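# Breakdown of the fold
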Amino acid sequence: MSTGSVEVVYRGIFQKTLAKNICRGIVFAAKNEGKIGIAFGRYSDSPERNGIPAKQFAVVADTEEEMEEHLSRYEPDNNDVTIAADDTLCKGVECWAWYGLQPINKLLKEGGTLLIPSTRSVNHLIGEIHRKGMPYNLAIVKGTASFSGLWVYKDDHTDVRLLGALAKVAPHIVSLDSILATIDDRLKATSAKKAYDLVESVSVGANQGNDEVPFEFEMPGWTEMEEGLVIRGIAGQQEVPGRDGGYVPTRNPTFKKFSTRTMRPVVNFDTCTQCKICWLQCPDSCFDITPDGFYDANMEACCGCGVCEAVCPVSQCITMVNEEAFTDNDSQWELWIEDKESYSGWLSEKISEPPARSHGFHHVGQYAEEIANEPS
Amino acid sequence: MNPPKTATAKKVNVAAARAPRGGSEELISGSEAVAHAVRLADVDVITAYPIRPYDTVMQYVSQLIADGEFDCEYIVAESEHSQFEIVKHASAVGARVFCGSSGVGWLYAFEALAVTAGLRLPMVAMVGNRALDDPGAFGVEHNDALAVRDLGWMLAWVATAQEALDTALIAYRVAEDKRVFLPCAISCDGAFLTHSQAIVNVPGQDMVDGFLPPYDRAEKQLHPDNPITIAPQANEDWVMEIRRQSDMAARRARDVIIEAYDDFNAQFGRGGEPFIERYMMEDAEVALVGMGTLAMPVKVAVRKMREQGKKVGFVRVRWFRPFPTIELQEALSGVQAVGVIDRDYSFGSSFFSGVLANDLRSALYPMVNRPGIVSFIAGLGGREVSTDNVIDITNKVLDAASGGDIDDQDTYWIGVRE
């Protein structure tokens, strides 16, 4: 018996086709072994929104009955393998239809494998991933996240590399041979084989990892919900301890959206002219007004869209930086006020953090430019 | 089999014999009567788009405005869809609204009709019942209004111009009640009601003001001082709860309707029983059931049959949504057979019956001694339902009741050329 399921957590728009390719690859490979396979996207997700965490699943079974058992629930919740197609997803994900922040390993079975393409170290990633309470394996395929557009996939071999690595960490689902049999391109087959050989896997203990308790909430019953499809505005201002003046709007405590972020803006308050344009243009109203009139991007609310960087008239005042460079959502302005000199050092260090990322395409031809500029 | 549900509906004090009080006697059509109700309800926003027979209402409303008798925002939209969308939004900001259409015009607004009920907005609309195309036809069929029967719309059918006026006032009171907040459509048979004139008591403003409180959306009103969002996108984790709320509102509407008729009867000296009208039902052995203006030939035929010693009665369904299950079970509990006359069709449905017959059959199913139901389709496209037709129908029902050849699981087309 070699039935099982694979969850692929990916970023909306940028990785939708990648996730689909991986799941289809699993099904085709399973078919080569005479097994039944099904691939599907989680319908409640909203994969047509930039960067929002979303999911695809592949289920493999020997018999129709086994397959029905897998499919008789909304989504497989005890997966052999969870693939996080982008390492920034390790901080937890809040999909469109989730209620709170879910640990990336939440739907992984005990002893299953979390598979991630990343250039980060094992310890770095374990430090981000929430504790699971049971042991599992963490496997890393060296590489950066593959980002493209909604209907396209930048053919950088990420799909076949993850499939090759999957055959190594979960051979009972699909073997390397059956994966290779689905790949026509010799170069891509080589990539799959190399990933199979090079994937590194370590055991993660039950209590290893990030001890943050992810935010969550209970959904109200129908008698508790307001009738007439009314959603109340959240009025007023948040009190921030130790801060007198400025304006921090009250925000939705149950839908924060920040797990959509793959980059975050860092602000150089020394060059900021307080022109307000970032505050005005931010589509998520995520800038807090500080008592001294600066605009501080609130990392509990920021989706990392990059609009502030694009509209800021001061050169390099706002810079989008890879989210992996950060371990918390703390206020940058508070850091700056505390020690301006050390903030300046912190800023330079963060800005130099590789790799650069793209969150969407801002002009026609950008995708072609990125492809052309990538090392072959 | 389960025991029959006992009728628990609150009885309304029907002041049948009392003369109407106040107001003036006017010779007006059903459409004019509705226009007067709209004036008396002091409606804030009205949208119009012409389609016969509903257009008569918009003509009379605009005449009332032109004559200085009535003041409101009167907007001629560029289609029925916009027409209903505009008043939907106006209702959300706290305006009392009126709208209406007929036939395919009503269906062209279907998306707006669905969201109006879904959003729990108490729009009151008049449907001048008209056959749906094709073939293009002006005459009455009930399928237009019935199309919204599953969406949360309350649906009333009226038989006279007086009832049209009264029901419109009752509709505002019920729809705008906080326990309900659902839209209500008053169906007026094209031609027979919309275009024929009768003496109608048009009540004075004071009387109406005493019956109909102002529309108060309170904390659900879209207003800058009340920051709310309405009509969100929701996924499967929320939609069932929202539907359950609408279901509960539709259930609560029953009691609110009963209260409204109680008050209306007390204040205006007319109005009758909510939900259904019973005609010669006290000792009836067979009953006919129908909606709208076909009540007139049916009543004449019932009297003729009575003269022949046949114990026939008639139940006119005044409210189709909420469906008067309890009242119909009670009214029909003593009869041997029921003939349902549908001025509509539900092609391919169980027994190929009309919509009313299908709902009635389902409502009577839990009764231990349920009567047989013979279903009839008549008067489609505005064709006359003659007293002879009704006598033919009644004889078939009597035949079914006495175990004759008539099949009480079939549907008969009456008045169709062979």
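Residues numbered from 1 in each chain as written. Chains lettered and ligands numbered in written order. Predicted model: local features only at pLDDT ≥ 70, side-chain atom pairs only at ≥ 80, totals over all residues. Heavy atoms only, no water.

Turning our attention to the overall build of chain B. In terms of regular secondary structure, chain B is built from 13 helices and 16 strands. A compact globule built from 418 residues would reach a C-alpha radius of gyration of about 22 Å, and chain B, at 21 Å, matches this within 12%. In terms of principal-axis extent, the alpha carbons of chain B reach across some 70 × 55 × 45 Å. Across chain B, contacts joining residues at least 24 apart in sequence account for 80% of those joining residues at least 6 apart. Surface accessibility of chain B: about 16,700 Å² in total, with carbon and sulfur atoms responsible for 51%. (Helix = DSSP H or I, 4+ residues; strand = E, 2+ residues; numbered from the N terminus. Rg over C-alpha atoms; globule rule 2.2 N^0.38 Å. Contact = heavy atoms within 4.5 Å. Areas by Shrake-Rupley, 256 points an atom, 1.4 Å probe, with all protein chains shown as cover.)

All names here are of chain B. On domain assignment, one finds that chain B holds domain 1 (24-268) and domain 2 (276-413). Each of domain 1 and domain 2 has a C-alpha centre, and the two are 28 Å apart. Between domain 1 and domain 2 the total buried area reaches about 2,300 Å² when both faces are included, carbon and sulfur atoms providing 58% of it. If you sort the residues of domain 1 by the area they bury against domain 2, R149, W157 and R254 come out on top, with a joint share of 22%. One can count four salt bridges joining domain 1 with domain 2. Among the ionic pairs, E163 bridges to R318, the shortest N-O distance being 2.7 Å. (Domains from an automatic or database assignment. Buried area = accessible area lost by both parts, 1.4 Å probe. Salt bridge = Lys/Arg side-chain N within 4 Å of Asp/Glu carboxyl O.)

Membership of the largest hydrophobic core comes to 104 residues, with the highest contact counts inside it found for W153, L332 and L360 of chain B. At 10 residues, helix α7 (residues 161-175) of chain B tops the list of elements feeding residues into this core. The residue makeup of this core includes at least three contributed by each of domain 1 (24-268) and domain 2 (276-413) of chain B. Apart from residues lying up to four places away in sequence, L332 of chain B is in contact with M281, A287, V289, V315, V338, L360, L364, M367 and P371 of chain B. Core analysis: the next-biggest nonpolar cluster, separate from the first, contains 36 residues, V141, I183, A189 and A192 of chain A among them. (Core = buried A, V, L, I, M, F, W, Y, C linked by side-chain atoms within 4.5 Å. Buried < 20%, exposed > 50% of the residue type's maximum accessible area, 1.4 Å probe, protein only.)

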